[in-house]
Amino acid sequence: MTRDTQTLPYYHVDAFADRPFTGNQAAVMPLESWLDDDVLQAIGEENNFAETAFYLPDTTGEADYELRWFTPTVEIALCGHATLASGHIILSQNPDMDQVTFQTRKAGILTMMRDGDGYALELPAYPPSPKALPDIVTLVGGTPIDTQFHEGRYNVIRYETADEVLALKPDLKALAALGNEQFICTAPGKDTDALSRVFVPGGGVDEDSVTGSAHAVLTPYWAKQLGRDGFTAYQASSRGGYVHCRLDGEKAWLGGKCVTVVEGQFRL
């Protein structure tokens, strides 16, 4: 006996990447209407990327598309790299468009535009504030020189050197027990102004490859540390990826490229 199947467009994109197998992987899936939330979550689990992005045309007139993001375990409030990947698919298919806007449920309207041979993505800037994080520091390791926090559950742990960040071996199981929080470990970079590693084990991602939302926090943080609005950043995961960051008032602009590595159909 055969069963009826529904097919959905499917794209696998490496975001913040100028070649395959670098940057952060995202699944991008255009929809005609929203599926049930449990189905969207099951697709996110099946894809098993840090995020799967779903979008469909926005009917309110406020933006071009509605956009949502799912990790393998939860829906999240903001994801930069999967937004970049979604915009890349839309703009690649519509060469007459120079920018695209997304209506999101918790992060407002996000704008992405062409920028040379890459893209610039506008996210809300999330400036962190100084806060002692002794329990988290114990679990992350090393000897940070600054700890800060943003109420969106972003923890910034600043180290003196890049080598200290690269050497970290955090207790991921214990960090996961704290919930869906980001642990953003950062220091001055080696060939960039800033370097980071980002751990989100409570959200189903032990170490993220290149995290746009973390750079929405790092942009105001490092702009203040460096005394200028623009700087270069590198997220030192096993895949690695470069991000050009610029603070513009209450917005963080993140620049990068994307590579589409798979196009196909997802069968339900």
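To keep things clear, this report deals only with the structure shown in the data block.

So, how was this worked out
Residues numbered from 1 in each chain as written. Predicted model: local features only at pLDDT ≥ 70, side-chain atom pairs only at ≥ 80, totals over all residues. Heavy atoms only, no water. Helix = DSSP H or I, 4+ residues; strand = E, 2+ residues; numbered from the N terminus. Buried < 20%, exposed > 50% of the residue type's maximum accessible area, 1.4 Å probe, protein only. Phe/Tyr/Trp six-rings, centres within 6.5 Å; stacked < 30°, edge-to-face > 60°. 1 Å grid on protein atoms, 1.4 Å probe; cavity = no way out; pocket = protein on both sides within 12 Å on 5 of 7 lines; lining within 4 Å. Points joined across faces, edges and corners; volume = space filled by probe spheres on them. Nonpolar A, V, L, I, M, F, W, Y, C, P; charged D, E, K, R; others polar.

1. What about unusual backbone geometry?
The backbone of Phe 21 shows a phi angle near 75°, a positive value even though the residue is not glycine. Topologically, Phe 21 is positioned in the loop between strand S1 (7-15) and strand S2 (24-30). Note on Phe 21: relative accessible area 69%, which makes it exposed. At Arg 153, a residue that is not glycine, the phi angle is positive and equals roughly 75°. Locating Arg 153 in the fold gives a position in the loop between strand S10 (146-150) and strand S11 (154-158).

2. A word on the packing of aromatic side chains
In total, this model carries 6 aromatic pairs according to the counting rule given. Between the aromatic rings of Phe 54 and Phe 70, the centroid separation amounts to 5.8 Å while the plane-to-plane angle is 80°, which identifies the pairing as edge-to-face. Note that Phe 54 is positioned in strand S3 (residues 51-57) and Phe 70 in strand S4 (residues 65-70), a separation of 16 residues in sequence. Measuring from centroid to centroid gives 5.2 Å for Tyr 55 and Tyr 65, while their planes differ by 80°, and the two rings are edge-to-face.

3. Some thoughts on the layout of surface pockets
For the largest pocket, the calculated volume is near 500 Å³. Contributing to the lining of the largest pocket are 29 residues, with Ile 76, Ala 77, Leu 78, Tyr 154 and Asn 180 lying nearest its centre. Residue assignment for the lining of the largest pocket shows that the elements contributing at least two residues are S4, strand S5 (75-76), helix H2 (80-93), strand S14 (205-208) and helix H6 (212-226). By residue number, the principal contributor to the lining of the largest pocket is S4, which donates 3 residues. Classifying every residue of the lining of the largest pocket gives 10 nonpolar, 11 polar and 8 charged. The computed volume of the second largest pocket comes to approximately 410 Å³. Lining the second largest pocket are 24 residues, and of these Tyr 242, His 244, Gly 255, Gly 256 and Lys 257 sit closest to its centre. Looking at the lining of the second largest pocket, the elements with two or more residues in it are strand S7 (109-115), strand S8 (118-124), strand S16 (241-248) and strand S17 (251-256). At 5 residues, S16 tops the list of elements feeding residues into the lining of the second largest pocket. When grouped by side-chain class, the residues that make up the lining of the second largest pocket number 10 nonpolar, 7 polar and 7 charged.

Everything listed is a geometric property; what it means functionally is a separate question.
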